[in-house]
Amino acid sequence: MHPYENISLDTVGYILAIWLMGLHFWMLVKPAQSKSFFIKLPRNRVIAPWLMAAGMFWFWLLIAPSGLGPLSKLQMDLGEFNQAKSILRIIIPIAAVGMITQVKEFLAVRGLGLLALMAAAPLLYAAYLEAPITRLLIPIYAYAMIFGGLFWIGMPYTMRDLITYVTKTDARYRLSAIAGFGYGVAVLLCSIIWW
């Protein structure tokens, strides 16, 4: 079994709840600081290389060769595309270096988009065929990550536009923070009570 299949729904619920509640609590408690961070995020050249490197490395782990110990644990069967693994193992590091060194505009957004796509898989695996209907909180969030990730990679200005829209008024920013925090609380309660 792939390690993603061994992750329990409640574990994913606790992790997602901590992430959502922590991020949105920060937005509520430090609105000026968090708003400034988000506005600068799309063109943040300090964290951009790290986000892209993390996303590319995570993807590389899915196609890693056997025999590398812990690095081979996330290796996935790609079905008809298994033959392409040996080529991808070479192309991915080259692409990562090329992206980090040559792409200057919106690299942080593209890196976040890639991380969102990578992080959606464990969430979906954890909720797959689980009994309680409340499990749908996890796939809904995962599909939002996939949808957002695809846009952020292909059209990174969409994240900038979304941030501009949310941060335009204090009331809108506060409402977004409350909604995100509330979603985290709902996930946490489901993790404790049903999952």
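Quick caveat, the model's predicted, so the values are computed rather than measured.

J.: Describe in detail the packing of helix 1 (residues 9–29) against helix 8 (residues 170–193), supporting the description with residues and values.
T.: Close contact between helix 1 and helix 8 brings their axes to 8 Å; oriented N to C, the two are set at 155°. When the axis of helix 1 is compared with that of helix 8, the two are roughly antiparallel. In the packing of helix 1 onto helix 8, the handedness of the crossing is left-handed. Tallied by class, residues from the contact of helix 1 with helix 8 come to 17 nonpolar, 6 polar and 2 charged.

J.: Summarise the side chain of histidine 24; cite the residues concerned and give the values.
T.: As for its placement among the helices and strands, histidine 24 is situated in helix 1. Within the structure, the side chain of histidine 24 is placed 2.7 Å from the backbone oxygen of leucine 20, a separation counted as a polar contact. Setting aside residues no more than four positions away along its own chain, histidine 24 makes contact with Ser176, Ala177, Gly180 and Phe181.

J.: Just give me the short version of a nonpolar patch on the surface, but keep the residues and values in it.
T.: Taken together, the side chains of Tyr14, Ile18, Leu189, Ile192, Ile193 and Trp194 make up a nonpolar region of the molecular surface, amounting to roughly 660 Å² of accessible area. At the level of elements, helix 1 and helix 8 are the ones that each hand at least two residues to the nonpolar patch. Looking at the secondary structure, you find isoleucine 193 in helix 8. Overall, the relative accessible area of 54% leaves isoleucine 193 in the exposed class.

J.: Would you mind going over the pattern of salt bridges in detail, with residue names and values included?
T.: Counted according to the given criterion, the structure contains 4 salt bridges. One salt bridge in this structure joins aspartate 170 and lysine 35, with 2.5 Å as the shortest N-O distance. Highlighted residues: aspartate 170 in helix 8 and lysine 35 in helix 2 (residues 31–40), separated in sequence by 135 residues. On the basis of relative accessible area, lysine 35 is assigned to the buried category, the value being 13%. In this structure, glutamate 105 engages arginine 45 in a salt bridge whose closest nitrogen and oxygen atoms are separated by 3.6 Å. One end of the pair, glutamate 105, is in the loop between helix 4 (85–102) and helix 5 (107–127); the other, arginine 45, is in the loop between helix 2 and helix 3 (48–62), and 60 residues separate them in sequence. Note on glutamate 105: relative accessible area 37%, which makes it partly exposed. Note on arginine 45: relative accessible area 53%, which makes it exposed. A single salt-bridge network, built from bridges that share partners, covers Arg43, Arg45 and Glu105.

J.: An account of the layout of surface pockets is needed here, citing residue identities and associated values.
T.: The volume enclosed by the largest pocket comes to roughly 1,500 Å³. Forming the boundary of the largest pocket are 39 residues, of which Trp19, Leu23, Tyr141, Met145 and Trp152 lie nearest the centre. When contributions to the lining of the largest pocket are tallied by element, the ones reaching two or more residues are helix 1, helix 2, helix 3, helix 5, helix 6 (137–154), helix 7 (157–167) and helix 8. The greatest single-element share of the lining of the largest pocket, amounting to 8 residues, is contributed by helix 1.

J.: Describe unusual backbone geometry, and please don't skip the residues or the numbers.
T.: Despite not being glycine, phenylalanine 106 shows a phi value in the positive range, around 60°. Looking at the element boundaries, phenylalanine 106 is found in the loop between helix 4 and helix 5.

J.: Can you explain the environment of isoleucine 133? Please cite residues and give values.
T.: Tracing the backbone shows isoleucine 133 in the loop between helix 5 and helix 6. C-alpha of isoleucine 133 to C-alpha of tryptophan 194: the two residues are 61 residues apart in sequence and 9.6 Å apart in space.

Conventions and cut-offs
Residues numbered from 1 in each chain as written. Predicted model: local features only at pLDDT ≥ 70, side-chain atom pairs only at ≥ 80, totals over all residues. Heavy atoms only, no water. Axes fitted to C-alpha atoms, helices over the stretch in contact; angles between N-to-C directions. Helix = DSSP H or I, 4+ residues; strand = E, 2+ residues; numbered from the N terminus. Parallel < 35°, antiparallel > 145°, perpendicular 65-115°, else oblique. Left-handed = near helix turned anticlockwise from the far one by under 90°. Nonpolar A, V, L, I, M, F, W, Y, C, P; charged D, E, K, R; others polar. Polar contact = N/O pair within 3.5 Å; in protein donor to acceptor, adjacent residues only side chain to side chain. Contact = heavy atoms within 4.5 Å. Patch = residues over 30% accessible without salt bridge, like charges linked within 9 Å, V, L, I, M, F, W, Y side chains within 5 Å. Areas by Shrake-Rupley, 256 points an atom, 1.4 Å probe, with all protein chains shown as cover. Salt bridge = Lys/Arg side-chain N within 4 Å of Asp/Glu carboxyl O. Buried < 20%, exposed > 50% of the residue type's maximum accessible area, 1.4 Å probe, protein only. 1 Å grid on protein atoms, 1.4 Å probe; cavity = no way out; pocket = protein on both sides within 12 Å on 5 of 7 lines; lining within 4 Å. Points joined across faces, edges and corners; volume = space filled by probe spheres on them.

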